[in-house]
Amino acid sequence: MKSLNLEVKEIASDIRNMKIRGAGKIARSAANALLVTARRSKAKKTFELLRELEASATLLLHTRPTAVSLSNSIRYVMFRARKVQEANMKLEDSRALIMEAARQFIQNSANAIERIGEIGARRIEDGDTILTHCNSTAASAVIKKAFSQGKRFKIFVSETRPRFQGRITARILSDLGIPTSLIVEGAIRFFMTKIDKVIVGADAVAANGAVVNKIGTSMVALAAHESRVLFFVAAETYKFSPETVLGKLVKIEERDSSEVISNHERKRLPNVTVRNPAFDVTPPEYVDLIITERGIIPPQAAIMIIQREYGSITAEEIEYQTPQLQTKASNDTTCRNT
Ligand code: RUB
């Protein structure tokens, strides 16, 4: 741990403490942390540089267990880094190649959001009333793009307890001039009959098309399903989980109780257990479409995206590529992916 670069430690800590948040941003920051590791490394040999990168990757992988984007961004860079070692490349060439891989991931990620905005905006119509939950760059990209094309619609945003990310979305969208209503989660079903489309982001998409996103998303999906309201997910392909092809479950991060109730208040409830899962799982039956940078797919086609992006990945390859994923963080609860 001591040998880790301070900047890398700071990035990891910012991800853990949610100064850096949202699955896409987490992934780009993780790639950037590997880039910083390579740039600042004082290693004299390629294998030493690799060891430093592995240490950074291990630290980063433990920060937010649910964001598959994080492990996929690390996999993207580390896969190329390990190839460098296999090819016996010189230190400076290796460093340059690894830094380039990280830059590529960051650029691809930015392009993906742009493309999702363009593709998803086609599904928004004049006069729509749209509901979104939490704060998703990908979902917001669709809404922003449609608005910039001259379409006029209204937005409902649920405030998203306990961290109120919905308020961020409400500010961003209302600042653009989009008529925005902020509601509490408890009011979602009350308003659902007025909604035409729901659009949310994702932290992970499982091979069966189940979507892991901010806690409360599955409740929104249930209410949308009941009212026959379309439910769209905007997700870059690096949020699809290759591990789930092999039956692995996406871990659901459970965060500190102080996000729900202050420690002071909690002392007044000595016999109460506070639970704070950060994400939940929306079954594919409740998802109409997933908007990716490669196009729009039904959730049942998630497996095809995974096969296209990752090929036919074997258990050994997953262990080899991301060994730390197998370690269970102490505060995670494993959850069914349906
Ligand atoms: C954020 C969240 C977002 C997804 C997608 O949770 O659930 O909907 O991460 O976001 P948290 P994006 O605030 O706990 O990180 O589209 O920006 O990747």
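The sections below set out a description of the structure shown in this document. (Residues numbered from 1 in each chain as written. Predicted model: local features only at pLDDT ≥ 70, side-chain atom pairs only at ≥ 80, totals over all residues. Heavy atoms only, no water.)

A closer look at the sheet that holds strand 6 (residues 211-214)
Thinking step 1. Across the sheet, three strands lie side by side as 5-6-9; this open sheet has antiparallel pairing. Each edge of the open sheet is held by one strand with a lone partner, namely strand 5 (204-205) and strand 9 (279-282).
Thinking step 2. Alignment of strand 5 against strand 6, held across two bridges, turns out to be antiparallel. Paired with Val205 across the two strands is Val211, which belongs to strand 6. (Pairing = 2+ DSSP bridges. Helix = DSSP H or I, 4+ residues; strand = E, 2+ residues; numbered from the N terminus.)

Quick look at the site of the ligand
Thinking step 1. Of all residues adjacent to the ligand, which total 18 residues, the nearest are Arg21, Gly24, Ser136, Asn213 and Lys239.
Thinking step 2. Interatomic distance of 2.8 Å between a backbone N/O atom of Ala23 and an oxygen atom of the ligand.
Thinking step 3. With respect to the ligand, the side chain of Arg64 contributes an N or O atom lying 2.8 Å from an oxygen atom.
Thinking step 4. Against a free-state accessible area of 460 Å², the protein chains account for coverage of 99% of the ligand.
Thinking step 5. Breaking the shell around the ligand down by element, the ones donating at least two residues are helix 2 (23-40), helix 6 (137-148) and strand 6.
Thinking step 6. The class makeup of the residues in the shell around the ligand is six nonpolar, seven polar and five charged.
Thinking step 7. Each of domain 1 (6-113 + 314-320) and domain 2 (115-310) accounts for three or more of the residues forming the shell around the ligand. (Near = heavy atom within 4 Å. Polar contact = N/O pair within 3.5 Å; in protein donor to acceptor, adjacent residues only side chain to side chain. Areas by Shrake-Rupley, 256 points an atom, 1.4 Å probe, with all protein chains shown as cover. Nonpolar A, V, L, I, M, F, W, Y, C, P; charged D, E, K, R; others polar. Domains from an automatic or database assignment.)

Digging into the sheet that holds strand 4 (residues 197-200)
Sheets are built from strands that pair by backbone hydrogen bonding, the pairs being arranged parallel or antiparallel.
Thinking step 1. The mixed open sheet is built from seven strands, whose spatial order is 3-2-1-4-7-10-11. Here the strands that pair on one side only, and so sit at the sheet edges, are strand 3 (180-183) and strand 11 (295-297). The average angle at which neighbouring strand axes cross in this sheet is 25°, direction not considered.
Thinking step 2. Examined bridge by bridge, strand 1 (residues 129-133) and strand 2 (residues 154-158) share five bridges and lie parallel to one another. The partner of Thr129 across the bridge, within strand 2, is Lys154.
Thinking step 3. Contacts from helix 9 (residues 217-226) reach strand 1, strand 4 and strand 7 (230-234) within the one sheet, and its direction differs from that of strand 7 by about 150°. (Axes fitted to C-alpha atoms, helices over the stretch in contact; angles between N-to-C directions. Contact = heavy atoms within 4.5 Å.)

Re helix 11 (residues 302-310)
Thinking step 1. All of the buried residues in helix 11 are Ala302, Ile305 and Ile306. Across the axial projection of helix 11, the buried residues extend over an arc of 100°, all falling on one side. In helix 11, those exposed residues whose orientation departs by more than 90 degrees from the buried face are Met304 and Arg308.
Thinking step 2. Among the structural elements, strand 5, strand 10 (289-292) and strand 11 are those in contact with the buried residues of helix 11.
Thinking step 3. Where helix 11 ends, the next residue or the one after it, Gly311, has phi of about 70°, a positive value. (Buried < 20%, exposed > 50% of the residue type's maximum accessible area, 1.4 Å probe, protein only. Arc of directions from axis to C-beta.)

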